[in-house]
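Fold and contact review
Here are the chains, one letter per residue:
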Protein chains: 2
Amino acid sequence: MAKKKELGIQSKKEKDFSKWYTELINKAELADTRYNVKGFVCYMPWATRTIKKMYGKYEAELEKLGHEPLTMPSVIPERNFKLEAEHVEGFSPEVFWITHAGKKKLDERLALRPTSETALYQMYSLWIRSYKDLPFKRYLSCQVWRNEGTTRPFLRAREFHWIEAHNVFATMKDAMAQVHEDMRTTHKLLEEEFAIPIMFFQRPAWDTFPGAVHTYAADALTESGKVIQLPSTHLLGTNFSKPFNVTFTDKNGKKRLGFITCYGPAISRIYGAMIAILGDDQGLILPFDLSPVQIVIIPIPFKGKEQKIRKECENIKKLFENKYITKVDWNDDKTPGEKFNHWEMKGVPIRIEIGPKDLAKKQAAIVSRLDGKREFVKKTKLEEHVNNIAKNYTAKLKKRHARRFASLVKKTGALKDVKDALNAGRIACTGFCSINLDGMSCAETIEKMGGLVRGKKISGEKNKFKKCVVCGKPAKETVYIAKAY
Amino acid sequence: MAKKKELGIQSKKEKDFSKWYTELINKAELADTRYNVKGFVCYMPWATRTIKKMYGKYEAELEKLGHEPLTMPSVIPERNFKLEAEHVEGFSPEVFWITHAGKKKLDERLALRPTSETALYQMYSLWIRSYKDLPFKRYLSCQVWRNEGTTRPFLRAREFHWIEAHNVFATMKDAMAQVHEDMRTTHKLLEEEFAIPIMFFQRPAWDTFPGAVHTYAADALTESGKVIQLPSTHLLGTNFSKPFNVTFTDKNGKKRLGFITCYGPAISRIYGAMIAILGDDQGLILPFDLSPVQIVIIPIPFKGKEQKIRKECENIKKLFENKYITKVDWNDDKTPGEKFNHWEMKGVPIRIEIGPKDLAKKQAAIVSRLDGKREFVKKTKLEEHVNNIAKNYTAKLKKRHARRFASLVKKTGALKDVKDALNAGRIACTGFCSINLDGMSCAETIEKMGGLVRGKKISGEKNKFKKCVVCGKPAKETVYIAKAY
């Protein structure tokens, strides 16, 4: 890679989040936005490695829960696409169309899949026969393409990398149980593994996936004071089963429509949210498991001691390399200080420094990326010390952000407080008349204040508010309101 | 999945390879060809799981050899695509073109990548600056799209899944060393891991990748008597560096063109070749590591002993499940015999049967998919026995096919023998005047006989033939001739 002066990030995350994010992407070499098709970017090796690990973790969890992997064509014939009316209306403006192969015009246009419902469900109608085939749980790891307006690396792009799980059940109740499973999966992956605090909502009726009965989705909050939608799961009910003929024969030999759910964790977007939420003014911070390098060893050169320092670095590498992804930075063109900055920018969790003093004192200097403090550890304690940092790293990171997230939720019954919360980059929690279509006019009042009604929680929260924060009618729901991307 | 009568494969592999392959794909539920866009198929879970494992093995090897993973956009603007004249000529007839987004016509057509040279190298010209950046080794795991004429699941499709590695070097010599590394990688993965015997050739000048100096590729032989091209690597030299401006500054500060190689293991195609070559009339045979299930346990029900048999099956599962992917088939709708057939069809390497007699004798019946023989093994020896089968399974499979492959090469100096060898589904090895363009007319004579000159070996073989098998002029090369897909 071309040598660049590594000056660190010049923007401050708290002051100008958007500029900070762009600098992070460039200086940590995560994406290159110079690709010559607008809205399409290259993911660089450091990002690609982490994204692969995220896929691995998500796929393992989905498989544990009974989903089987499938691979589907990326193209969908126009006739399929038109079978579900709301769906086609929702997605049509964004679809990329293939019209030619070589010089030949195709008989039928092909959509580059913006999502796979209309590709999959015709096959489901062939694959599912009997109640014994249910629940039928499948997932795809793939890209989708949508001609989005504004784009931003990882967070919103015209091609993004996701997983979509599409499940069929015998009853609406089973389908709803899947929504709850998806919610648990989202909390487990995003919070435990990726250290991103989220809330999980049932979205209002006016913010539902085209063709769904209900949409449920996670929101995370970035430093800009805006929430970003992370995995969503859609209760499709029989809306797609009807046009696509997804049926099964029940125990009594009767043909019935299947109840469908679909869940779409957008891995590249979660990656974007993760680096945005966890990073700081020194650069990336990554959960321990997800960093492409977990321990970096930096030799501090000293005349006459080069051989001994080299050997010690190699010994320490040997000590850890079977357990952690360990690297010694032998680059001759950089000073130790430049190397510190470089690996901080890359978010490597543990740095070990070996200099002449450390050799003499039989110790090493250890720095955790989480707090940046340098600790001197005797060689005999080194392994234990590093294992301790490694073991607690992600949990600490998670705790830090969970605490911050919780502190940014403002419970209030007053519209003025909602407005203040939004302006302060917070999430307001308040009473609302309805998240069905009859609540839409109150939501429009909120929208004029710059906020969006994100929805209500689907577990563990009873409404305690008496009145709708806008119209003053009895509050049926406790909702959360935030600015959003 | 809908219940089907599992009758096994009706066609014989030796008699009608093509029909046998189609039946295998359907009955082992590997792909569904009923997707409603011609030439595009669904990969079913059993195939997807193995293909993922194959990706994992290939990626690990490439990374060990210094390649870093990248993720690139799937679309290439038309202007890039036109920069290398031979390349555009070679690929244009097969390219799928995106012309619209929503209702809007795009300002410039976008090619759905048929291969990534013209997407990548413009970025390489930004990423590579100095000789210190070289060698520059990157790979993508992705799909490509080509409007192929005849298609066949996995082996040739309009969308296929591959890896492409694109490397840049300071000299032609370094680039050529990469070709040899790619050859070793191909032998290691295809032969050691996937048990597919191959030969690796430099292709004749008339059979070179559009835009390449030379093309090198592996061939495997199927039961149809035709070879199938497996991974190929292309020495691009500076043919793409010039139009895409891939340059570096050398030690003396002088700007130089980079020398490029690209290597393209098509994982989905290798999967097709693997199941085609290794399978038999009972169904799939898979290398041990690649099977989605490695051990299947079948309870043989017996009235009054159900509880004991169930418990024993569960105990045996526990014995193996931490080391191997182990499954007990509890399906009540099938007889043990139907289950045996089912898992043979799926290619599960080891079957363990537990019935009342086995309980009484403290033994289990073990069947290896490789030979189908049933062995009765005492419980105390069970673990050792299974470990032994597992350890030697892939090597045995490899040996079986390597022996067969070697026996099918016919060395000859006579044109009549070449013809006979081709008609007998063999590969002929013979003398040839030239694999440069001056040898093309002799190659055309071979083509009229139904054969293709596949090329010469690039390591370990000196030419011992005196005359060209066609024109009788002095033979410069020892070449291999075969029928081909």
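The coordinates are above.
Residues numbered from 1 in each chain as written. Chains lettered and ligands numbered in written order. Predicted model: local features only at pLDDT ≥ 70, side-chain atom pairs only at ≥ 80, totals over all residues. Heavy atoms only, no water.

Re the environment of B:Leu65
All names here are of chain B. For clarity, the threshold we go by: A run of H or I in DSSP becomes a helix once it reaches four residues, and a run of E becomes a strand once it reaches two; helices and strands are each numbered from the N terminus. Exposed residues in this analysis have more than 50% of their type's maximum accessible area, buried residues have under 20%, and partly exposed residues fall in between, with area computed by a 1.4 Å probe over protein chains only. Two residues qualify as a contact provided that any one of their heavy atoms is within 4.5 Å of a heavy atom in the partner residue.
On the secondary structure map, Leu 65 appears in the loop between α2 (45-64) and β3 (68-70). Judged by its relative accessible area of 26%, Leu 65 is partly exposed. Leu 65 sits 117 residues away from Asp 182 along the chain, and the two C-alpha atoms are 9.9 Å apart. Filtering out sequence-adjacent residues up to four positions away, Leu 65 remains in contact with Lys 137, Glu 181 and Thr 185.

Quick notes on the relation of the copies chain A and chain B
Counted only if it meets this: The superposition of copies rests on a least-squares fit of C-alpha positions from residues with pLDDT of 70 or more in both.
Rotating chain A by 180 degrees and translating it 0.0 Å along the rotation axis places it on chain B, where the RMSD comes to 0.0 Å. A rotation of that kind, with that shift, is consistent with a two-fold axis. Judged by C-alpha distance, A:Ile98 is the residue of chain A that lies nearest the rotation axis, at 2.1 Å. Comparing contact sets, 100% of the residues at the interface of chain A also lie at the interface in chain B, consistent with an isologous, same-surface contact.

Observations concerning the packing of helix α2 (residues 45-64) of chain A against helix α6 (residues 172-193) of chain A
Residue and element names in this part refer to chain A. Threshold: Axes, fitted as lines to C-alpha atoms, cover a helix only where it is in contact. Angles between the N-to-C directions of the axes lie from 0 to 180 degrees. Just so you know how the angles are binned, under 35 degrees is roughly parallel, over 145 roughly antiparallel, 65 to 115 roughly perpendicular, and the rest oblique. What makes a crossing left-handed is the near helix being turned counterclockwise from the far one by less than a right angle; a clockwise turn instead makes it right-handed. Under the scheme applied here, ten amino acids are nonpolar (Ala, Val, Leu, Ile, Met, Phe, Trp, Tyr, Cys and Pro), four are charged (Asp, Glu, Lys and Arg), and all others, including Gly, are polar.
Relative orientation of the contacting elements α2 and α6 amounts to 150 degrees, with a least axis distance of 11 Å. Classified by the angle their axes make, α2 and α6 are roughly antiparallel. Two packed elements cross with a definite hand, and for α2 against α6 that hand is right-handed. Within the contact between the two elements, α2 uses Lys 57, Tyr 58, Glu 61 and Lys 64 and α6 uses Thr 185, Thr 186, Lys 188, Leu 189, Leu 190 and Glu 193. When its residues are assigned to classes, the contact of α2 with α6 shows 3 nonpolar, 2 polar and 5 charged.

Considering the interface of chain A and chain B
Operational definition: As a working definition, buried area equals the accessible area (1.4 Å probe) given up by two parts on being put together, with both sides summed. Any carboxyl oxygen of Asp or Glu within 4 Å of a side-chain nitrogen of Lys or Arg constitutes a salt bridge here.
Facing 61 residues of chain A, the contacting portion of chain B comprises 61 residues. Taking both sides of the interface into account, the surface hidden between chain A and chain B amounts to around 5200 Å²; carbon and sulfur atoms contribute 55%. Joining chain A to chain B, the criterion identifies 10 salt bridges. Residue composition of the side of chain A that touches chain B, by class: 32 nonpolar, 14 polar and 15 charged.

Concerning the packing of aromatic side chains
Residue and element names in this part refer to chain A. Selection rule: Think of it this way: a Phe, Tyr or Trp ring, Trp meaning its six-membered ring, pairs with another when their centres are within 6.5 Å, and the plane angle makes it stacked under 30 degrees, edge-to-face over 60, tilted otherwise.
Scanning all chains against the criterion turns up 43 aromatic pairs over all chains. Ring geometry for Phe 160 versus Trp 162: centroids 5.6 Å apart, planes at 85 degrees, classification edge-to-face. Overall, Phe 160 belongs to the buried group, its relative accessible area being 11%. A ring pair is formed by Phe 320 and Tyr 324, whose centres lie 6.2 Å apart and whose planes are at 40 degrees; its orientation type is tilted. The pair formed by Phe 320 and Tyr 324 is uniform in burial state, with each residue classed as buried. Through a chain of ring-to-ring contacts, the aromatic side chains of Tyr 121, Tyr 124, Trp 127, Phe 136, Phe 240 and Phe 244 assemble into a single cluster.

Observations concerning the sheet that holds strand β6 (residues 104-112) of chain B
Let me state the cut-off plainly: For two strands to count as paired, DSSP must find a minimum of two bridges between them.
Taken together, 6 strands build an open sheet; the order of strands is β4(A)-β6(A)-β5(A)-β5(B)-β6(B)-β4(B) and the sheet is antiparallel. Only two strands of the sheet have a single partner each, and these edge strands are β4 (75-77) of chain A together with β4 (75-77) of chain B. For this sheet, the mean angle separating the axes of adjacent strands, direction not counted, is 45 degrees. Sheet topology places β4(B) next to β6(B); 3 bridges connect them, and they run antiparallel. Counted as the bridge partner of B:Val75 is B:Leu112 from β6(B).

A look at the pattern of salt bridges
Residues and elements named next belong to chain B. Inspection of the entire model under this criterion finds 69 salt bridges over all chains. In this structure, Lys 82 engages Glu 78 in a salt bridge whose closest nitrogen and oxygen atoms are separated by 3.4 Å. Relative accessible area serves as the criterion here: at 52%, Lys 82 is assigned to the exposed category. Classification of Glu 78 by relative accessible area gives buried; the value is 14%.

Brief notes about the sheet that holds strand β16 (residues 326-328) of chain B
Residues and elements named next belong to chain B. Read from one edge of the open sheet, 5 strands run β16-β15-β17-β18-β19, paired in mixed fashion. Each end of this open sheet is capped by a strand with a single partner; those strands are β16 and β19 (374-378). When strand polarity is set aside, the average angle formed by the axes of neighbouring strands in this sheet is 25 degrees. Looking at chain direction, strand β17 (residues 350-354) and strand β18 (residues 363-368) are connected through 4 bridges and run antiparallel. Directly across from Arg 351, in β18, lies its bridge partner Val 367. Together, β15 (295-299), β16, β17 and β19 form the strand contacts of helix α10 (residues 336-345), whose direction differs from that of β15 by roughly 170 degrees. This element, helix α12 (residues 382-407), spans β15, β17, β18 and β19 of the sheet and lies at about 5 degrees to β18.

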